[in-house]
Amino acid sequence: MKEIKEEIYKLVKLLNKYSYDYYVEDNPQISDTEYDTLYKQLEKLEKEYPELIQENSPTQRVGDVVLSEFEKVTHKVPMLSLSNTFSTEDLRDFDNRIKKVVANRKIEYICELKIDGLAISINYVNGKLISAATRGDGTVGEEVTDNIKTIFSIPKVLKDNKTFEVRGEVYLPKKSFNILNEERKENNEVLFANPRNAAAGSLRQLDSKITAQRRLSAFIYSVVGDNTIESQLQALKTAEEYELPVNNNYKLCKNIDEVINYIEYWDINRKNLPYEIDGIVIKVNSYSLQEEIGYTQKSPRWATAFKFPEEELATKLLDVELSVGRTGIVTPVAQLDPIVISGSTVSKASLHNKDVIDELDIHIGDMVIVKKAGEIIPKVVRVLKELRLENSEKYIMPNRCPSCNSELVSKKDDPFIRCVNPECPEQNIRKIIHFASRDALNIEGLGDKVVATLYEQGIISHTIDLFSLEREKLIDLDRMGEKSVDNLLKAIENSKNSSLDKVIYALGILNVGKKAAKILAEKYLNLTTLMTATVDELINLPDIGLITAESVIDFLSNEINIKFINDLISIGMNPQYKVQKIEDDNIFSGKTIVLTGKLVELTRNEAKEYLEKLGAKVTGSVTTKTDLVLAGEKAGSKLAKAEQLGIQVISEEEFISMLGEKKVNG
Ligand code: IVH
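Not measured: the values here are computed from a predicted model.

**Q** Residue-level account of the overall build of the protein, with values.
**A** Secondary structure assignment for the protein yields 24 helices and 22 strands. In terms of overall size, the protein behaves like a compact globule, its C-alpha atoms giving a radius of gyration of 28 Å where 666 residues would be expected to give roughly 26 Å. Expressed along its principal axes, the backbone C-alpha trace of the protein runs to roughly 85 × 80 × 55 Å. Across the 666 residues in the protein, those meeting the buried criterion constitute 48%. Sequence-distant contacts in the protein: of pairs separated by 6 or more residues, those separated by 24 or more amount to 67%. As presented, the protein carries roughly 34,100 Å² of accessible surface, and 50% of it is formed by carbon and sulfur atoms. If you average the places of the 88 positive and of the 104 negative side-chain charges in the protein, the two averages end up 2 Å apart.

Here's what the structure looks like:
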């Protein structure tokens, strides 16, 4: 059993790493078939030992990785890709090839911004949006209609009975991308490397509600199946006429020099756009000329994508500083001689962990190449070893904590180095900051700087000290006026009324994010009962896996933490969880339900909303914890799994009639 547990643990870790390389780094390390073989092996073990399923297992994820849950759709006309060009010479070659076909006829190019997102196809029939799909491999995509419908700018109904297919790019604006990553950081989730990956992850959510929260947007750049259209310009105008979102920065150019001017303009000005572009698309305008020029296997010969070079600059690595997080992880951060890359100044870049440091082979004073991954997160790409000074010193990760000087701990097979001293000042400051942060107790006026000052002045040394702050001592501090002191004290006092899930999240238990905190609050209802939790109880809760269960128990068996919770209770913080009132006299109440296949009468989202209102929990994958599966048409692997596990399956028709009755029938 122990070996199986270890095998599962290793498979999960490996698969998660590969999917990180694929989705976040955009740098696949193994082939799809290799990934599938490992994935199937994990699935097989998990089926045999469902009690060992880990919360972070890729089989449990309804998130960033495509699950085979979406219906497959074959595109009526294949969705091709574009050839790439990287220089003015490439562009002139492209122009010359075209001119050979066009001979002495007039030639016009349309230039458009190349939006960095993912391609989609949307079908309108008689003026109604009836389906939408991702590009997939160009021939077969995934049906994402409900998710596309969450995009505000895409009309669900057109102004007349038009039937056509439009294609375009779904993207995440820079601002939404930053907000999303900030939220993910706070929840200890892996960050998206760029808006494209974030857009893809958001569109591939099985739960459209999550997609809706991600604030996606779209631009339409082509119209398929309208024989009256004779040019790309006319296609864009038609799309505009139907109030489809068209990016209005397109330009009709009379020759390749005008194209080059357009490219030069946007290479400089793209930083001011509210979304990312990774190049310019150049298309021959006339449809009849397009047909004459023709296609290769994969892409049209009449179009090309000019890719902006990714800005990679050399700068000096001045030093490596260590930053201590609230969980004790010590992260090395490169201190760089400041440089401007893609429009903003970069002076720091995370080096993540000791594996990254070893791989780069860093010496202090090295010249390094820095880029912004996805134009956003600064990254040290490599070291220019040929410029290294002879007597330069190799950087070795220190073995003492920069904050408390205690010995750092590094485990086998774990690239992270940790400070395990519970009294480490930096960790304590970070813990207090987390306790007061927006998603925790949301104590206004208690930001990073104030916490650090209070700590350094010896006014607080643990979170609990916040509740015995003295007005006089605060007023003595620099830059704290009477009003801000009073407001702060009031905010601290008010925080005692926070709800239980916020308090649990604020405790900062390893692996317990906002979602897990809510689940714990729902189960235990107050802090005193929470302290009686056992691993067995915890792993039986929805969405709580072994790793989270063990960290909760570790936390609750630690004397310092027990004292902290008791202290919170004694200062008057004794939060209760207010259970939402739900109708509980129906068959669905309290059940864990999976929806699969295509529903006809209802959308999946509607079915989900009904079920949730009736007190059911709708989840993405069939496990032993599933009570009921609602199977629509062409239900596939989930139905098979439900049947294997002996889980009750109902049809849409049965579901609708049960909704009418809402009574228990067995
Ligand atoms: S036209 C047959 N126009 O770039 C040509 N594509 O590598 C179809 N893209 O898959 C594409 N902005 O996802 C076109 N204005 C634009 C575009 C655009 C972004 C993406 C699209 C496509 C990829 C081609």
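**Q** An account of the site of the ligand is requested, with residue identities and associated values reported.
**A** Taken together, 13 residues surround the ligand, and among them E112, I115, E169, Y221 and K283 come closest. Protein chains bury 86% of the 530 Å² of accessible surface belonging to the ligand in isolation. When residues of the shell around the ligand are traced back to their parent elements, those giving at least two are β3 (109–115) and β10 (277–284). Looking at which element gives the most residues to the shell around the ligand, the answer is β3, with 4 residues. Grouping the amino acids of the shell around the ligand by side-chain chemistry returns 8 nonpolar, no polar and 5 charged.

**Q** Lay out the sheet that holds strand β5 (residues 128–134) in plain terms, naming residues and giving numbers.
**A** Backbone hydrogen bonds hold the strands of a sheet together, and the pairing may be parallel or antiparallel. Taking strand neighbours across the sheet as the criterion, the 4 strands line up as β5-β4-β7-β8 in an open arrangement whose pairing is antiparallel. If you trace the sheet from one side to the other, it starts and ends with β5 and β8 (217–224), each paired once. Adjacent strand axes in the sheet meet at a mean angle of 30° when their direction is disregarded. Summarising the sheet, strand β7 (residues 164–171) and β8 pair through 7 bridges and their orientation is antiparallel. Counterpart to R167 in the pairing with β8 is S222. Sitting on the sheet, helix α6 (residues 195–203) is in contact with β4 (118–125), β5 and β7, with an inclination near 40° to β4.

**Q** Explain the environment of E643 to me, and be specific about the residues and the numbers.
**A** You can see E643 is positioned in helix α23 (residues 637–645). Overall, E643 belongs to the exposed group, its relative accessible area being 53%.

**Q** Could you give me a rundown of the UniProt feature "binding site: Zn(2+)" (unreviewed entry) in the protein, with the residues and numbers involved?
**A** The UniProt feature table records "binding site: Zn(2+)" (unreviewed entry) at C401, C404, C419 and C424. Spatially, the listed residues are clustered: although they cover 24 residues, their C-alpha atoms lie within 8.7 Å of one another. Residue placement: C401 occurs in the loop between β16 (377–383) and β17 (408–410). If near-sequence neighbours (up to four positions away) are discounted, C401 is found in contact with V324, S406, L408, C419 and C424. Within the element layout of this structure, C404 appears in the loop between β16 and β17. Discounting chain neighbours no more than four positions away, the residues touching C404 are C419, N421, C424 and P425.

**Q** Please provide a residue-by-residue account of the nonpolar core, values included.
**A** Counting 53 residues, the largest nonpolar core has I504, L520 and L538 as its most contacted members. Among the secondary structure elements, those contributing two or more residues to this core are α12 (425–436), α13 (448–456), α15 (482–494), α16 (500–506), α17 (514–524), α18 (527–530), α20 (546–556) and α21 (559–570). No other element matches α17, which puts 6 residues into this core. Setting aside anything within four residues of it in sequence, one finds L538 in contact with L520, Y524, A533, I544, A549, V552 and I553. Counting residues in hydrophobic clusters, the runner-up holds 37 residues, among them Y124, L206, Y242 and V246.

**Q** Give a description of the packing of helix α3 (residues 88–102) against helix α9 (residues 256–269) that names residues and reports values.
**A** For the pair α3 and α9, the least separation of the axes is 10 Å and the interaxial angle reads 145°. You can see that α3 and α9 cross each other, and the crossing is right-handed. The segment α3 lies against α9, with T88, L91, R92 and D95 engaging I256, D257, I260 and I263. Taken together, the residues that form the contact of α3 with α9 break down as 4 nonpolar, 1 polar and 3 charged.

**Q** Give me helix α22 (residues 604–613): which residues, what numbers.
**A** Among the residues of α22, A607, K608 and L611 are the ones counted as buried. Each buried residue of α22 sits inside an arc of 100° when the element is viewed along its axis, so together they form one side. Positive backbone phi, at 90°, marks G615, one or two positions downstream of α22.

So, how was this worked out
Residues numbered from 1 in each chain as written. Predicted model: local features only at pLDDT ≥ 70, side-chain atom pairs only at ≥ 80, totals over all residues. Heavy atoms only, no water. Helix = DSSP H or I, 4+ residues; strand = E, 2+ residues; numbered from the N terminus. Rg over C-alpha atoms; globule rule 2.2 N^0.38 Å. Buried < 20%, exposed > 50% of the residue type's maximum accessible area, 1.4 Å probe, protein only. Contact = heavy atoms within 4.5 Å. Areas by Shrake-Rupley, 256 points an atom, 1.4 Å probe, with all protein chains shown as cover. Lys, Arg positive; Asp, Glu negative; His and termini not counted. Charge placed at Lys NZ, Arg CZ, Asp CG, Glu CD. Near = heavy atom within 4 Å. Nonpolar A, V, L, I, M, F, W, Y, C, P; charged D, E, K, R; others polar. Pairing = 2+ DSSP bridges. Axes fitted to C-alpha atoms, helices over the stretch in contact; angles between N-to-C directions. UniProt positions renumbered as here; feature names shortened; annotations may be inferred. Core = buried A, V, L, I, M, F, W, Y, C linked by side-chain atoms within 4.5 Å. Left-handed = near helix turned anticlockwise from the far one by under 90°. Arc of directions from axis to C-beta.

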